[in-house]
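Chains, contacts and geometry: an overview
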Amino acid sequence: MASLNPWGKLDELDNERHMARLKTRKRIIIIAISSIVLVSIIVGAVVGSVSHNKNKSSQQNDDVSSMTSTISAVCNLTLYPDSCISSLSPFAAKGNALKPQDIYKMSVLVALNELSGASDNFLKSDAFKNINDPAAAKAIQSCHELLSLAFDHLNDTLSVAETSLLDAFDDLKTWLSSAGTYQQTCIDSFENVTSNSAIRKAAGQSLNNSTRYTSNSLALISSLENSITSLAAIGKRRRLMGCGDDDEYPSWLSSSNDRKLLQKSSEEKIKVNVVVAKDGSGKYKSIKAALKAAPEKSKKRFVIYVKKGVYKENVRVEKTKWNIMIIGDGKDATVVSGNRNFIDGTPTFQSATFAVFGKGFVARDIGFVNTAGAAKHQAVALMSTADESVFYRCKMDAFQDTLYAHSNRQFYKECDIYGTVDFIFGNSAVVLQNCNILPRKPMSGQQNTITAQGKVDPNQNTGISIQNCSVMPWGNLTGINTFLGRPWKNYSTTVFMESNLGGLVHPNGWMPWVGITAPSTIFYAEYKNIGQGANTKNRVDWQGLKLGLTSKIASKFTVKPFIQGNKWLPAAGVPFKAGL
């Protein structure tokens, strides 16, 4: 939009430069002031003013009042300031000086206590006694596990807060985002329980406070990070963790041995811990048996080689099985196959043929298939909720809900992903690079939607980033509409960039979840894609759809800043695999 120039006549180039300098200066001033105010508010609680007042009672009242004001100011940064103030105010009454990490730790403690109580009350309430509805019983089973995972992640954030916040922002935001996602998934699991409205209502009400308190903790840590980062940018740039010079893989693949394993060809011999083979030539005949033998919470890589064959088993990598690596003989040679699905009574969260919970998981050269078929609706081939998980040269093959990238940080490279409705979905921070995305023929009357992202909180560091991938039809899709995605939740975040979009992509690009539009709070974007389906001339007119991204904004969704949660961009000229 053109505007009048109050500084007199300048040529167009000079005017643009002048206006840019002014905007930059104004932005720096605003950031500086807001950052100083926020940090001063929090740090003010630490420094305070300790005077030798003869009237100790009056001094104590002043301290309590100061702490209460500090908490109120900080809570105004959250989505739920009233719940934040009411939950933290009792700590102010103690009159103790508060450090920045103290306020954050208090908010996490509040969330933990509320979640613990809510979980007990909710799962043991009258509404859940003597349940005869199988769908409700399955939903409760899912919630037991989901709330346990949420509790674990809140405990993790609290333990890190005991040491240092400044070096752990990425981890804290990831774990708090995941804790919120677990609780939301529990609530969502009752959506299809149609026989008892009391159960659905009880589920939402019971977790209302705990989800809000978790959101408050996430807002507090995000605001503190933004303030410190902004101040550092004005002064001396703060060194952020997790950003090495190696751009081939995320920095949390820190072991050189891990990288060598990923880079080996299928023909090379790899030293493994155990071998799985259907013909009995290995130590185990099933993947589940091999996983059971793996050590608990190991900090060393445990490698399982699975020989070619179709393994008809539903596999879970439990949350206590850390740093597991599974290697097959190829995505079409070594295949894990199952058929659990929604129509036959299994909720989406429990339907995965292969489910990963243990952190640091790596899979290579293996296929994950759900054979339930389109008529069975939700039927997951692969579900990962494991932090720092990697899938390299793998296949995910199903129809609806093929790949459930549920939560935490995930990375997929050179994978083939087949599906129909919402077949890449979840609320993780996930980057897919060099993958083949292959929409297939759905049920009669259905339309294909590639993504359904589930971000429910603007402070969550989550989203789906699809980079340098290929979107092409698997089979004849004549007469079938295929869309890049639809917004599952109010803050859905999905980016297609530098990818080849085939002519199967509908000119509108995206479709609404309900109605004719999408929430203005979503963030959907397309950046420098090629192919017949990349033409954005007739895209939907949504406020949240961004078609003119700058490289700076697009770069935020690449491996280094996005999976690590960093706010600064990689250096210019970083090779494609780490940046643009």
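What counts and how
Residues numbered from 1 in each chain as written. Predicted model: local features only at pLDDT ≥ 70, side-chain atom pairs only at ≥ 80, totals over all residues. Heavy atoms only, no water. Helix = DSSP H or I, 4+ residues; strand = E, 2+ residues; numbered from the N terminus. Buried < 20%, exposed > 50% of the residue type's maximum accessible area, 1.4 Å probe, protein only. Contact = heavy atoms within 4.5 Å. Areas by Shrake-Rupley, 256 points an atom, 1.4 Å probe, with all protein chains shown as cover. pLDDT = per-residue confidence, 0-100. Core = buried A, V, L, I, M, F, W, Y, C linked by side-chain atoms within 4.5 Å. Disulfide = S-S within 2.5 Å.

Along its length, the protein carries 12 helices and 26 strands. By the burial criterion, 53% of the 580 residues in the protein qualify as buried. By sequence separation, contacts in the protein at least 24 residues apart represent 71% of the contacts at least 6 residues apart. On the protein, roughly 26,200 Å² of surface is accessible, and the fraction owed to carbon and sulfur atoms is 51%.

Across the protein, the average pLDDT comes to 82, with 75% of residues at 70 or higher. This model gives residues 236–248 a pLDDT under 50, and the stretch forms 30 contacts once residues within four places in sequence are excluded.

Bringing the nonpolar core into the picture now. Where a protein is soluble and globular, its nonpolar side chains tend to be buried together. If you look at the biggest cluster of nonpolar residues, it comprises 58 residues, and the most contacted ones within it are Phe354, Phe391, Tyr412 and Leu432. For Leu432, the residues in contact, after removing those within four places along its chain, are Leu403, Tyr412, Ile417, Ile424, Ile464, Ser465, Ile466, Gln467 and Cys469.

Here a disulfide denotes one covalent bond, and it connects the sulfur atoms of two cysteines. Under the definition given, this model contains 2 disulfides. Note on cysteine connectivity: Cys75 is disulfide-linked to Cys84, with sulfurs 2.1 Å apart. An S-S torsion of about -65 degrees defines the bridge between Cys75 and Cys84 as left-handed. Taken individually, Cys75 and Cys84 each receive the classification buried, so the pair is uniform in this respect. Two residues, Cys143 and Cys186, share a disulfide whose sulfurs are 2.0 Å apart. Across the S-S bond of Cys143 and Cys186 the torsion is about 105 degrees, and the bridge reads as right-handed. Taken as a pair, Cys143 in helix α5 (residues 134–161) and Cys186 in helix α6 (residues 169–188) lie far apart in primary sequence, 43 residues in all. As far as the burial class goes, Cys143 and Cys186 line up, both buried. Along the protein, the cysteines engaged in disulfide bonds are linked according to the scheme 1-2, 3-4 when indexed in sequence order. Here Cys435 is not cross-linked by a disulfide; its sulfur's nearest cysteine counterpart is in Cys469, at 4.6 Å. Exposure remark for Cys435: the relative accessible area of 1% places this residue in the buried category.

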